[in-house]
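# Survey of secondary and tertiary structure
Residues per chain, in single letters:
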Number of protein chains: 2
Amino acid sequence: MALPPNFDRNCSTLIADYPQILMAHGGGGRLMHELLEKMILPAFGNSMLYARHDGALLDFGEEASGRRTRLAFTTDSYVVSPLFFPGGDLGALAVYGTVNDLAMCGARPLYLSVGFIIEEGLLMETLGRVIRSMQVAAGRANVQIITGDTKVVDKGKGDGLFINTAGIGAVASEQAIAPASLETGDVILLNGDVGRHGMAIMAAREGLAFENVIESDCDCVADLVLALLAAGVRVHCLRDLTRGGLATALNEIAETARLAMALVESAIPIREDVRGACEILGFDPLYVACEGRFVAFVPPQDAERALAIMRSHPLGAMACDVGRVTGPSSHGLVTLKTQIGGYRIVDMLSGEQLPRIC
Amino acid sequence: MALPPNFDRNCSTLIADYPQILMAHGGGGRLMHELLEKMILPAFGNSMLYARHDGALLDFGEEASGRRTRLAFTTDSYVVSPLFFPGGDLGALAVYGTVNDLAMCGARPLYLSVGFIIEEGLLMETLGRVIRSMQVAAGRANVQIITGDTKVVDKGKGDGLFINTAGIGAVASEQAIAPASLETGDVILLNGDVGRHGMAIMAAREGLAFENVIESDCDCVADLVLALLAAGVRVHCLRDLTRGGLATALNEIAETARLAMALVESAIPIREDVRGACEILGFDPLYVACEGRFVAFVPPQDAERALAIMRSHPLGAMACDVGRVTGPSSHGLVTLKTQIGGYRIVDMLSGEQLPRIC
């Protein structure tokens, strides 16, 4: 793919603005997008990267029979701190995160690779617990871990354990599930309450004790997505809500699709304990990470049926209609109708709300 | 795949022997194999992992036409220190290392994913240099980087930059290229001199100045391997020589295949400057990492032709016949006929010769 005409090969403006990497460059917000736009995408630039989806689609389409093998391919590294938290751990996250990204491409997750980067001195028992958790998660998600790598770095040059997983899935639908498929009028469906993963991590990290322990929503949503596709629901786009939460996911899609979106605050489920924890800690729950939540964009005619399918699945019991795609917008404006009837802009984060959340 | 009958689910013997992770658990030698055997393989155990190859083979074989889509899938994390060294850098290594692993599966490398784990405070200019190096390497290796992820960890919790790549390639041959295909009498071919990568890193790390700068052999060997396969050479097994060098690669294959191998020391090319550096530093060049070297096991009838093909390629100009597969051996004994006519056992390393070499 051709580079943008004004591409700055030496990234001198980026380097002038940010001579050093900041935590926010990995936070999913504005700075990370700038790093992608100005350095990473131009270097590796190809149509698949520029599609800005959760994974790449591969078409091995030379079969004489006309049947094609369509695969999705995705990767994520997981650097969450602490390694164990209520409702999950690094190992479960490393499986479900990548499996969910495959599902967001409309693919049935099949195979994972795993790369361990271990800090010297990690307790062997800790590694064993994480690996057993990956084993359980892979079983639940029905994927096989088929290739891997183990590296050890010197004490003080890592942080216990980082895991990378890459995944391959079989695309389960002929639909083009991507921001480019969005249409004005599309209904935005959300499969459950938001903000639990981020608040679970935050509480574990800071040793905060709320009245109830907030558990991460960390789980595999592939089955639920595949049920929608199998039922023939027209799904224009899917996106899981990880770093940066609901607000960031919608901003990314709106910006890529150049469409505006309008959300209804009262329709977005947030548990009372999560809302309370966010208030105490000064977080906006719309920006807090989830690990078992996604949005589906469907045409209005299919919305009721899609909701019914989602609600019949344990991970979609609280599924709801949270807004609409409203029309063209050069910068992808996302607005929110607040509880008290006003409107506010839901922008992309400039900095970072919560580092090392996944 | 069933677990071994004596599998210790809680890895208690491993934990008793090694309560903490040591650098050697990532060094490619005996301790890493023990970690794999006792903890990782039993947890994720499936036939593909147990095949102990550089990657996994996937068969999307349901095509009505009878033609199958056969893919190879592999991953490696790269944690080399320092990031830049004579002849290469982390970025080139992260591309060529994974591309070479695909080639070792007899596959034409097609696509890579990339996961960056960046330490807060890394110079943006340094990241840019590594990324440009990946861009050049991907171009030379004719692969596309199509999906990726960026994480940032706190200052002091990483070491500048770690990169994971996973790769997908199209299997280019119907041959079963794997340790299990080895046969007594197979000739062991090596595509060039050994030990340069390790000594280049060592010199860069310690600030040693030898008479000549030793440059890493870091390069993409896929073309050379594909040329062998395209010519119809019967290739029983391939393995690139990374962590642990020639000795470790041969020990791994011999152990998996339960066959003995005999090497001829005088046939193994080692540059004088590399040999000298190894002597000064107390390294055995047979255990020093390479990043553009591989062994090919071919039946004796095909050996001459294979050598000729290898020698006609720039990365095989110094290709040579270094030994034979000699017969059954329950532990996979590898022996070396020394320069002075004696014999010695070439064992797997117990500890680690050189940490963070790739």
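Residues numbered from 1 in each chain as written. Chains lettered and ligands numbered in written order. Predicted model: local features only at pLDDT ≥ 70, side-chain atom pairs only at ≥ 80, totals over all residues. Heavy atoms only, no water.

## Structural notes on the sheet that holds strand β2 (residues 69-78) of chain B
Residue and element names in this part refer to chain B. Strand order in the open sheet formed by five strands is β1-β2-β7-β5-β6, and the pairing between neighbours is mixed. Each edge of the open sheet is held by one strand with a lone partner, namely β1 (56-60) and β6 (144-153). Direction aside, the axes of adjacent strands within the sheet are offset by 20° on average. Taken together, the nine bridges between strand β5 (residues 107-119) and β6 define a ladder with parallel strand orientation. The residue of β6 that forms the bridge with Tyr111 is Gln144. (Pairing = 2+ DSSP bridges. Helix = DSSP H or I, 4+ residues; strand = E, 2+ residues; numbered from the N terminus. Axes fitted to C-alpha atoms, helices over the stretch in contact; angles between N-to-C directions.)

## Examining the relation of the copies chain B and chain A
Take chain B, turn it by 180°, move it 0.0 Å along the axis, and it overlays chain A with an RMSD of 0.0 Å. This pairing of chains is accounted for by a two-fold axis. Among all residues of chain B, the minimum C-alpha distance to the rotation axis is found for Gly158 of chain B, at 2.1 Å. The share of interface residues of chain B whose copies in chain A are also at the interface is 100%, consistent with both copies meeting through the same surface. (Least-squares fit on C-alpha atoms with pLDDT ≥ 70 in both. Contact = heavy atoms within 4.5 Å.)

## Some points on the packing of aromatic side chains
Scanning the model with the defined rule gives two aromatic pairs over all chains in all. Taking 6.3 Å as the distance between ring centres and 80° as the angle between the ring planes, the aromatic pair formed by Phe73 of chain A and Phe73 of chain B counts as edge-to-face. With Phe73 of chain A in strand β2 (residues 69-78) and Phe73 of chain B in strand β2, this pair bridges two chains. Of the two residues, Phe73 of chain A and Phe73 of chain B, neither departs from the other in class, the shared state being buried. (Phe/Tyr/Trp six-rings, centres within 6.5 Å; stacked < 30°, edge-to-face > 60°. Buried < 20%, exposed > 50% of the residue type's maximum accessible area, 1.4 Å probe, protein only.)

## Some words on the pattern of salt bridges
Taken as a whole, this structure holds 39 salt bridges over all chains when the rule is applied. In this structure, Arg344 of chain A and Asp284 of chain A form a salt bridge, with 3.2 Å as the shortest nitrogen-oxygen distance. Within this pair, whereas Arg344 of chain A is found in strand β14 (residues 343-345), its partner Asp284 of chain A is found in the loop between α9 (272-281) and β11 (294-298), the two being separated by 60 residues in sequence. Among the residues examined, Arg344 of chain A registers a relative accessible area of 30% and is labelled partly exposed. Note that Arg196 of chain B and Asp193 of chain B form a salt bridge whose closest N and O atoms lie 3.3 Å from each other. We classify Arg196 of chain B as buried; its relative accessible area is 15%. When salt bridges with common partners are traced through the structure, they connect Asp76 and Arg243 of chain A together with Asp149 and Lys151 of chain B into a single cluster. (Salt bridge = Lys/Arg side-chain N within 4 Å of Asp/Glu carboxyl O.)

## Structural notes on the state of the cysteines
For the structure on display, the rule yields zero disulfides over all chains. For the unlinked cysteine Cys278 of chain A, the closest cysteine sulfur is that of Cys290 of chain A, found at 10 Å. Distance from the sulfur of Cys218 of chain B, which forms no disulfide, to the nearest cysteine sulfur (Cys220 of chain B) is 10 Å. (Disulfide = S-S within 2.5 Å.)

## A word on the interface of chain B and chain A
Each side of the interface is counted separately: chain B has 86 residues, and chain A has 86 residues. Both sides together, the interface formed by chain B and chain A hides about 7,500 Å², and carbon and sulfur atoms give 67% of it. In terms of surface lost to chain A, no three residues of chain B exceed Ile21, Phe44 and Met124 of chain B, which account for 10% of the buried area on that side. If you look at where chain B meets chain A, you find eight salt bridges. At the surface where chain B touches chain A, the tally comes to 21 residue pairs in polar contact (both at pLDDT 80 or more). The residue makeup of the side of chain B that touches chain A, split by class, is 44 nonpolar, 24 polar and 18 charged. (Buried area = accessible area lost by both parts, 1.4 Å probe. Polar contact = N/O pair within 3.5 Å; in protein donor to acceptor, adjacent residues only side chain to side chain. Nonpolar A, V, L, I, M, F, W, Y, C, P; charged D, E, K, R; others polar.)

## Focus on the pairing of β1 of chain B
Residues and elements named next belong to chain B. Here β1 shows a clear split, with Ala56, Leu58 and Phe60 buried on one side and none of Leu57 and Asp59 buried on the other. Pairing of β1 with β2, which is carried by five bridges, proceeds in the antiparallel orientation. Each residue of the ladder has a partner; that of Phe60, found in β2, is Thr69.

## Considering the sheet that holds strand β12 (residues 320-328) of chain B
Residues and elements named next belong to chain B. In space, the seven strands of this open sheet follow the order β9-β11-β8-β12-β10-β13-β14, with mixed pairing throughout. Every interior strand has two partners, whereas the edge strands, β9 (237-240) and β14 (343-345), have only one. When the angles between neighbouring strand axes are averaged without regard to direction, this sheet yields 25°. Bridging between strand β8 (residues 187-190) and strand β11 (residues 294-298) involves four bridges; their strand directions are antiparallel. Bridge pairing in β11 links Leu189 to Ala296. Contacts from helix α4 (residues 90-104) reach β9 and β11, with the element oriented near 170° to β9. Seen against the sheet, helix α8 (residues 245-257) touches β8, β9, β10 (259-264), β11 and β13 (334-337) and runs at an angle of roughly 155° to β10.

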